[in-house]
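Descriptive structure summary
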Amino acid sequence: MILSYLAIAAYLAAALLLARYFTKDEIGHRHQQTTSLLISLAIIAQALNFTDFWTSEGIVFGLANSASFVAWLIAILLFLSSISKPVHALGIIVYPLAAVTLIFSVAFPDATGKEATHMSLDLASHVFLSITAYALLALAVCQSVLLKIQEQHLHARKINGFINKLPPLQTMERLLFQSLRIGFYLLTLSLITGFMFIEDFFAQHLIHKTVLSLVAWVIFATLIFGRRLFGWRGKQAITATQVGFAILVLAYFGSKFVLERLLA
């Protein structure tokens, strides 16, 4: 519990420092080292909480654990990406969301006793792969949010300190599609492993999740190939990314919420 509170505080503090840098008239990020240290501390503290996932009967991957793990993975991917790419501004969105998922896991923890849902190692590998895909696609969605804000300000010719500190529009779009492509490939693998490892979709109440995931996959596939063949960009890319991810979230977390919290 203490580690969770420590991670929450570190995530929020890092987000505040980033928000201050992007909204103030500062040329250099004076608190960059402090921000990196806070994020590292939050990631490590949150990782130490994942020992609760493993039990003698299998892996517990309920709604709270899944949300916490996705947020943790997104934070890691963003932290590593920011070393070589200009994606620091995403932390203003990502790190508070990571804190929110931790607060949710503390307030509404998953069951860990006999009533808990345990997974085999094969099924857990499919879930881990799916979550990695969600994490990358979530980064793409966060990127699309910043890209939309940037486009709106540029078209309205309202240039402020925050917009000035963002990368050029073309760089933002390129970063968006990089995350989209990798996330799409992992989503494809997760769907393939799902069909391999899951024996009865109806008995496990997974048919709706599978259908929604396939719909999201079609949206992302259309967007990626539309970008390559027709040069789709701007509002088309932003809208398709956000709609596809919303369907994916509904497929995984929506079904988990209904099955584990409403119908349990």
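In what follows, the structure referred to is the one given above.
Below, the structure is looked at part by part.

Criteria and thresholds
Residues numbered from 1 in each chain as written. Predicted model: local features only at pLDDT ≥ 70, side-chain atom pairs only at ≥ 80, totals over all residues. Heavy atoms only, no water. Helix = DSSP H or I, 4+ residues; strand = E, 2+ residues; numbered from the N terminus. Buried < 20%, exposed > 50% of the residue type's maximum accessible area, 1.4 Å probe, protein only. Contact = heavy atoms within 4.5 Å. Areas by Shrake-Rupley, 256 points an atom, 1.4 Å probe, with all protein chains shown as cover. Axes fitted to C-alpha atoms, helices over the stretch in contact; angles between N-to-C directions. Parallel < 35°, antiparallel > 145°, perpendicular 65-115°, else oblique. Left-handed = near helix turned anticlockwise from the far one by under 90°. Nonpolar A, V, L, I, M, F, W, Y, C, P; charged D, E, K, R; others polar. Salt bridge = Lys/Arg side-chain N within 4 Å of Asp/Glu carboxyl O. Expected span 1.5 Å × (residues − 1). Patch = residues over 30% accessible without salt bridge, like charges linked within 9 Å, V, L, I, M, F, W, Y side chains within 5 Å. Phe/Tyr/Trp six-rings, centres within 6.5 Å; stacked < 30°, edge-to-face > 60°. Lys NZ or Arg CZ within 6 Å of the ring centre and 35° of its normal. Arc of directions from axis to C-beta. Core = buried A, V, L, I, M, F, W, Y, C linked by side-chain atoms within 4.5 Å.

**A look at the overall build of the chain**
Along the chain, the regular secondary structure elements total nine helices and three strands. Each helix and strand of the chain, ordered N terminal to C terminal, gives the series α-α-β-β-α-α-β-α-α-α-α-α. Counting only residues that meet the buried cut, the chain has 48% of its 264 residues in that class. When contacts within the chain are restricted to residue pairs at least 6 apart in sequence, those whose partners lie at least 24 apart make up 78%. Accessible area for the chain stands at about 13,500 Å²; split by element, carbon and sulfur atoms hold 67% of it.

**Some remarks on the packing of helix H3 (residues 63–84) against helix H4 (residues 91–107)**
In the contact formed by H3 and H4, the axes pass within 9 Å of each other and the chain directions differ by 155°. Regarding the angle of H3 to H4, the classification is roughly antiparallel. Crossing angle aside, the handedness with which H3 passes H4 is left-handed. Side by side, H3 and H4 meet where Leu63, Ala64, Ala67, Ser68, Ala71, Ile74, Ala75, Leu78 and Phe79 of the first sit next to Gly91, Val94, Tyr95, Ala98, Thr101, Leu102, Phe104 and Ser105 of the second. Residues of the contact of H3 with H4, tallied by class, amount to 13 nonpolar, four polar and no charged.

**Structural notes on the pattern of salt bridges**
When charged atoms on two side chains of opposite charge get close, those side chains can pair. Tallied over the full model, the rule gives two salt bridges. One salt bridge in this structure joins Arg227 and Glu173, with 3.8 Å as the shortest N-O distance. In this pair, Arg227 sits in helix H8 (residues 207–230) while Glu173 sits in helix H7 (residues 169–197), placing the two residues 54 residues apart along the sequence. In this structure Glu173 comes out as buried when scored by relative accessible area, which is 3%.

**Overview of the environment of Pro109**
By secondary structure assignment, the location of Pro109 is in the loop between H4 and strand S3 (118–119). Here the alpha-carbon distance between Pro109 and Ala64, two residues 45 residues apart in the chain, equals 5.9 Å.

**Here we look at the side chain of Thr193**
The topology assignment puts Thr193 in helix H7. Here Thr193 is in contact with His126 and Leu129, once residues within four sequence places are set aside.

**Regarding H3**
The terminal C-alpha atoms of H3, which comprises 22 residues, lie 33 Å apart, in line with the 32 Å expected from a rise of 1.5 Å per residue. Within H3, 17 of the 22 residues are buried, which leaves it mostly tucked inside the rest of the structure.

**With respect to a nonpolar patch on the surface**
A surface patch of nonpolar side chains, about 410 Å² in accessible area, is lined by Leu3, Leu6, Leu41, Ile44 and Leu48. When contributions to the nonpolar patch are tallied by element, the ones reaching two or more residues are helix H1 (2–23) and helix H2 (32–47). As for its placement among the helices and strands, Leu6 is situated in helix H1.

**Remarks on the packing of aromatic side chains**
Two aromatic rings, taken as a pair, are described by how far apart their centres are and by the angle between their planes. Taken as a whole and judged by the stated rule, the model has eleven aromatic pairs. When the centroid spacing of 6.1 Å and the interplanar angle of 15° are considered together, the rings of Tyr11 and Tyr95 count as stacked. Taken together, the residues span a long stretch of sequence, with Tyr11 in helix H1 and Tyr95 in helix H4 at a distance of 84 residues. Exposure remark for Tyr11: the relative accessible area of 0% places this residue in the buried category. Through pairs of rings, three or more aromatic residues link up here, namely Tyr21, Phe22 and Phe162. Sitting over the ring of Tyr21, Lys165 keeps its end group 4.2 Å from the ring centre.

**A word on H2**
Spanning 16 residues, H2 covers 23 Å between terminal C-alpha atoms, matching the ideal 22 Å at 1.5 Å per step. Taken together, the buried positions of H2 are Thr35, Leu38, Ile39, Ala42, Ile43, Ala45 and Gln46. One side of H2 holds all its buried residues, which, seen down the axis, span an arc of 170°. Of the exposed residues in H2, those oriented more than 90 degrees away from the buried face are Gln33, Leu37 and Ile44. On its buried face, H2 is in contact with H1, H3 and H4.

**Here's the deal with the nonpolar core**
Membership of the largest hydrophobic core comes to 76 residues, with the highest contact counts inside it found for Tyr11, Ile43, Tyr95, Ile131, Leu180, Leu187 and Phe220. The greatest single-element share of this core, amounting to 14 residues, is contributed by helix H5 (residues 121–155).

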